[in-house]
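Chain by chain, the residues:
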Amino acid sequence: MEFKRIQKKPIEISLIPLIDISMFLLIFFMVAGAVEKFEIIPIDPPVAQSGKLVDEGHLVILLGRHNEVIIGEDIVPLSQAQTFLTPILSNHPNKVITVKADATVDANSVIDVMDAIKAAGGKNLSVVTQSKAVVHADN
Amino acid sequence: MEFERSRKKMRGVPLTPLIDITFILIIFFMLTTSFMRVESLELILPSAGGKKVDKQEVIRLFLYGNGDFQLGKRKLEGDALDESLKLMFSKDAATKMMLLTEQGVTMQQMVNAMDRIYAAGGQSVFVRKWKP
């Protein structure tokens, strides 16, 4: 007895659902999130409810977990922060300075940075906060 | 004379480059997007070398390393602090607050204290170091 062989049809993978879903994901990420600004050191700002949505200042000072101070793009020892800031602030004393410090940093080192800004002639200062805690894998 | 027409094959639009580019874009946005809402708190910087802040004008809030608060000379906890801050700012919203932080206070604790001052109606806060 002979069996009839079933003829195999060439299988075609339909690509349309794949494109649908990828477009959906693409639009979601484009609309829902803001592009993260690259920073030299990872900083997790403190959580605050009364923070206001303000544009980041013209000069950003980062204060990392291990008290490293980064002004603009330069790593500056805390003791020299004032001498570094003085020429910048003497030209533009009303420059908005944004201090972005990690939540775990000692408050006194943030105050040291603020004192350096004050001594260099800065007037406008804001401290970066976030509205909701972001859970980090390393915490 | 008759020309033979070249037979057109039925071909769809090639989708592979589209998928390639879409995936590259998805990966790019996934890696660079942050859902963190960045906000900021404003602080006063009393001008250096300027007149010293009169002690009478300023109300001091001490912040201990263990998380305790002291408003003026009274140690306060929890809601009692919020209530006395509210009462104070309802009398004069322009009252300046000096936040004094002890060694060992973290940035988060300091911001929490500032948060409570702003929530109670305070408008101007400045911070100082403090050694008990």
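Presented here is an overview of the structure given in this document. (Residues numbered from 1 in each chain as written. Chains lettered and ligands numbered in written order. Predicted model: local features only at pLDDT ≥ 70, side-chain atom pairs only at ≥ 80, totals over all residues. Heavy atoms only, no water.)

1. Remarks on the sheet that holds strand β5 (residues 96-101) of chain A
Here comes step 1: In space, the 6 strands of this open sheet follow the order β4(A)-β3(A)-β2(A)-β5(A)-β6(A)-β2(B), with mixed pairing throughout. This sheet does not close on itself; its edge strands, each paired only once, are β4 (74-75) of chain A together with β2 (38-44) of chain B.
Here comes step 2: Strands β5 and β6 (124-130) of chain A together with β2 of chain B of the sheet are contacted by helix α3 (residues 107-119) of chain B, whose axis makes an angle of about 75 degrees with β2(B). (Pairing = 2+ DSSP bridges. Helix = DSSP H or I, 4+ residues; strand = E, 2+ residues; numbered from the N terminus. Contact = heavy atoms within 4.5 Å. Axes fitted to C-alpha atoms, helices over the stretch in contact; angles between N-to-C directions.)

2. Considerations on the pattern of salt bridges
Residues and elements named next belong to chain A.
Here comes step 1: Throughout the structure, instances matching the rule amount to 5 salt bridges over all chains.
Here comes step 2: Note that Asp115 and Lys118 form a salt bridge whose closest N and O atoms lie 3.8 Å from each other. With Asp115 and Lys118 both in helix α3 (residues 107-120) and 3 residues apart, this pair spans about one turn of that helix.
Here comes step 3: Classification of Asp115 as partly exposed rests on a relative accessible area of 33%. (Salt bridge = Lys/Arg side-chain N within 4 Å of Asp/Glu carboxyl O. Buried < 20%, exposed > 50% of the residue type's maximum accessible area, 1.4 Å probe, protein only.)

3. So, unusual backbone geometry
Here comes step 1: The phi dihedral of A:Asn67 is positive, around 65 degrees, even though this residue is not glycine.
Here comes step 2: Tracing the chain through its elements places A:Asn67 in the loop between β2 (59-63) and β3 (69-71).

4. Some details on α3(B)
The periodicity of an α-helix, 3.6 residues per turn, causes residues three or four places apart in sequence to face the same way.
All names here are of chain B.
Here comes step 1: Taking 1.5 Å of rise per residue, 13 residues should cover 18 Å, and α3 covers 18 Å from first to last C-alpha, within 8% of that figure.
Here comes step 2: Within α3, burial applies to Met107, Gln108, Met110, Val111, Ala113, Met114, Asp115, Ile117 and Tyr118.
Here comes step 3: Phi for Gly121, located one or two positions after α3, is positive at around 115 degrees. (Expected span 1.5 Å × (residues − 1).)

5. Some words on the packing of helix α1 (residues 16-32) of chain A against helix α1 (residues 16-32) of chain B
Here comes step 1: Between α1(A) and α1(B), the least distance of the axes is 9 Å, while the angle of their chain directions is 30 degrees. Relative to α1(B), α1(A) is oriented roughly parallel. The interaxial crossing formed by α1(A) with α1(B) has left-handed handedness. On the side of α1(A), the interface is formed by A:Leu18, A:Ile19, A:Ser22, A:Met23, A:Leu25, A:Leu26, A:Phe29 and A:Met30, while α1(B) contributes B:Leu18, B:Ile19, B:Thr22, B:Phe23, B:Leu25, B:Ile26, B:Phe29 and B:Met30.
Here comes step 2: Of the residues belonging to the contact of α1(A) with α1(B), the class tally is 14 nonpolar, 2 polar and no charged. (Parallel < 35°, antiparallel > 145°, perpendicular 65-115°, else oblique. Left-handed = near helix turned anticlockwise from the far one by under 90°. Nonpolar A, V, L, I, M, F, W, Y, C, P; charged D, E, K, R; others polar.)

6. Some points on the interface of chain B and chain A
Here comes step 1: Listed as interface residues are 41 residues of chain B and, on the opposing side, 51 residues of chain A.
Here comes step 2: Considering only the surface of chain B that becomes buried against chain A, B:Glu39, B:Leu45 and B:Met107 emerge as the three largest contributors, covering 18% of it.
Here comes step 3: Applying the counting criterion to the chain B and chain A interface returns 1 salt bridge.
Here comes step 4: A salt bridge links A:Asp112 to B:Lys129; its shortest N-O distance comes to 2.6 Å.
Here comes step 5: In this assembly, chain B and chain A are joined by 12 residue pairs in polar contact (both at pLDDT 80 or more).
Here comes step 6: Elements supplying a minimum of two residues to the side of chain B that touches chain A: α1, β1 (33-34), β2, α3 and β7 (124-129) of chain B.
Here comes step 7: When residues of the side of chain B that touches chain A are assigned to their parent elements, the largest contribution, 9 residues, is made by α1(B).
Here comes step 8: Residue classes in the side of chain B that touches chain A are distributed as 22 nonpolar, 12 polar and 7 charged.
Here comes step 9: Inspection of the sheet shows strand β1 (residues 34-35) of chain A paired to β1(B) by 2 bridges, in the antiparallel sense. (Buried area = accessible area lost by both parts, 1.4 Å probe. Polar contact = N/O pair within 3.5 Å; in protein donor to acceptor, adjacent residues only side chain to side chain.)

7. With respect to the sheet that holds strand β3 (residues 58-63) of chain B
Residues and elements named next belong to chain B.
Here comes step 1: Taken in spatial order, the 5 strands of this open sheet run β5-β4-β3-β6-β7, and their pairing is mixed. Since the sheet does not close on itself, it has two edges, and those belong to β5 (74-76) and β7, each with one partner. Averaged over all adjacent pairs, the angle separating strand axes in this sheet is 30 degrees, with direction ignored.
Here comes step 2: Examined bridge by bridge, strand β4 (residues 69-71) and β5 share 3 bridges and lie antiparallel to one another. Along β5, the bridge assignment pairs Phe69 with Leu76.
Here comes step 3: Here α3 sits on the sheet in contact with β3, β4, β6 (96-101) and β7, set at roughly 160 degrees to β6.

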